[in-house]
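Structural overview for review
The primary structure of each chain is shown beneath.
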Amino acid sequence: MGRAEVLTCLLSSTSTGVPHRRHQDVTTTRSARRSPTTTTTTTTTRAARNKDTDDDEKTSKFDRCDRSVLFFGSFWPDARATGAGVRTTSLLSSGFLGEFGYNAATFASPQRENESSRRLRDDLGVRTMRCPINRREELGRVVDEVAPSVAVFDRFPSEEMFSWVVRERAPDAVRVLDMQDSHALRLWRQAECERGRGGHGLPMPTPPATFPPLQREIAACHRSDLVLVCSPSELELLRDAWGVPESKLCLAPFFYEEPDRSAWKEWDEREHDFVFVGTALHAPNVDAVTWLAREAWPLIREGLEGAQCRVYGAHFDNSGAGSRVRALHDPKSGFLVEGFAEDLGAALGGARVLLAPLRYGAGIKTKILNAWTYGTPVCTTPVGAEGLVCGLGEGGAFGGLWRSSDAAGFARDALALAGDRGAWERAREDGAAVLVEGFTAEANLRRVGMALEEKVAGLGACREQDYAGAAYWHSTLRCQEYFSRWVELKETTGGQ
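Described below are features of the structure shown in this document. (Residues numbered from 1 in each chain as written. Predicted model: local features only at pLDDT ≥ 70, side-chain atom pairs only at ≥ 80, totals over all residues. Heavy atoms only, no water.)

**Some details on the side chain of aspartate 466**
Relative to the elements of secondary structure, aspartate 466 occurs in the loop between helix H18 (459-465) and helix H19 (467-473). You can call aspartate 466 buried: its relative accessible area is 15%. Side chain to side chain, aspartate 466 and lysine 248 meet in a polar contact 2.6 Å long. When neighbours within four sequence positions are excluded, aspartate 466 is seen to be in contact with His222, Ser224 and Lys248. (Helix = DSSP H or I, 4+ residues; strand = E, 2+ residues; numbered from the N terminus. Buried < 20%, exposed > 50% of the residue type's maximum accessible area, 1.4 Å probe, protein only. Polar contact = N/O pair within 3.5 Å; in protein donor to acceptor, adjacent residues only side chain to side chain. Contact = heavy atoms within 4.5 Å.)

Structure (structure tokens):
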């Protein structure tokens, strides 16, 4: 499959039963941030660039340097711990969309300042602000101070908490929902898996219209002017099954540079056989590594005597999920829980195969893109490959193997990649091709920029034609119900 065909598959693949996929579950370090683009464009640099550029094409309304972007998130994005953090910081560190640059980028969150917020300021030059929830005037002052031309809401709970203030205080700002992945889809698949009705295989379950998280997520899409969607399969679900207008949807996956093949280690230079990567704060990762240790790893070890799998991830030192992952450490069987990877390139680039046996999830799996960046083939499931593989035919491009949905099949695929040098070398080239064609910073940032430019230019007309979006903003839709609930609570508790 040629590069043009790979890109066509990623941008226009069908959704029914086809794997396409993320998640924001990669352990990322400072060295790992070499993969997503992290070039910071300063206000001074952009001002000089705009001053020196006089031709008409560079002086459109969208290219002016008098606008800013305001991000809202429930948490400070952490590129060292999650794939979502990688993606958000890539957007922020791009000088926000490069050639469509703004003169300022601000990230606001109700969370207390911490190491992640300090890295946003110190490493990326992003302004950070605390924004309390349920405090109209204080939220309003944040919006007034930034005066955003574009407001980006990091996942639908942030849209629910903050979009109404932006609509009130900055009515001409383009409101953008950045979905990251479909939370409703992931939660439904998790529930199905726990009920014994889901798992790795096809067709993968999708939630019904009666699923409350899906209702909330779709409502947030309708209230927004533009929706950034990470996975092509989820874009198709939103458009074809869930009724979100295509005019609101923009495919915005991850933002990587082309892999440096000269830095790749060759087959006989890889220090260990297998690696697993994933934060313990993300339930699909904990489920996957547990299933791997208990079900698939004994079969892999049986087929490859002395094999080792090193497990890396953030937040393994926490109680709860982190402790459950640490309990899987078993040197006798070669299953080694290492914890946080200070150098993700060494962790991924030193292994022959990344194991990603995800049983549920949504979006694009950052761990897989990072593996391809370092020339490491991937053994995963249909859930893991969702949004990354081009079609179900034998010619579908993917940097590894992904079709097996049981322990025996997964172990067979892992051993095939680890034991066949020719297949291994072809897989890593296929992975690099998919990465370059579908996930480069230049192309994907420009797609987002052009979508925003279109919204800025025709925002009034778009909103006048957005009947469903206007209906979702109508305050009387459920105010009678909630007023009744408030009165009942007041009367039955004596106003306490």
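**Notes on the pairing of strand S8 (residues 272-277)**
When you tally the buried positions in S8, you get 6 out of 6 residues, the bulk of the element. Pairing of S8 with strand S11 (residues 351-356) involves 3 bridges; the strand directions are parallel. Along S11, the bridge assignment pairs phenylalanine 274 with valine 353. Where S8 and strand S9 (residues 309-312) come together, 4 bridges link them in parallel fashion. In the sheet register, phenylalanine 276 faces S9, and the bridge partner there is valine 311. (Pairing = 2+ DSSP bridges.)

**As for the nonpolar core**
The biggest cluster of nonpolar side chains holds 36 residues, and the ones touching the most others in it are Phe274, Cys309, Val311, Phe335 and Leu355. Counting residues per element, the ones that place at least two in this core are S8, helix H10 (283-303), S9, helix H11 (321-326), strand S10 (335-339), S11, helix H15 (407-419) and helix H16 (421-438). If you tally residues by element for this core, the top one is H10, at 9 residues. Among all residues touching valine 311, those that are not within four sequence positions of it are Phe276, Val289, Phe316, Val325, Phe335, Leu336, Val337, Glu338 and Gly339. (Core = buried A, V, L, I, M, F, W, Y, C linked by side-chain atoms within 4.5 Å.)

**Structural notes on the environment of glutamate 386**
In this fold, glutamate 386 is placed in the loop between helix H14 (382-385) and strand S13 (400-401). Along the sequence, glutamate 386 and serine 231 sit 155 residues apart, while their C-alpha atoms lie 8.0 Å from each other. Only 3.4 Å separates the side chain of glutamate 386 from the side chain of serine 233, close enough to count as a polar contact.

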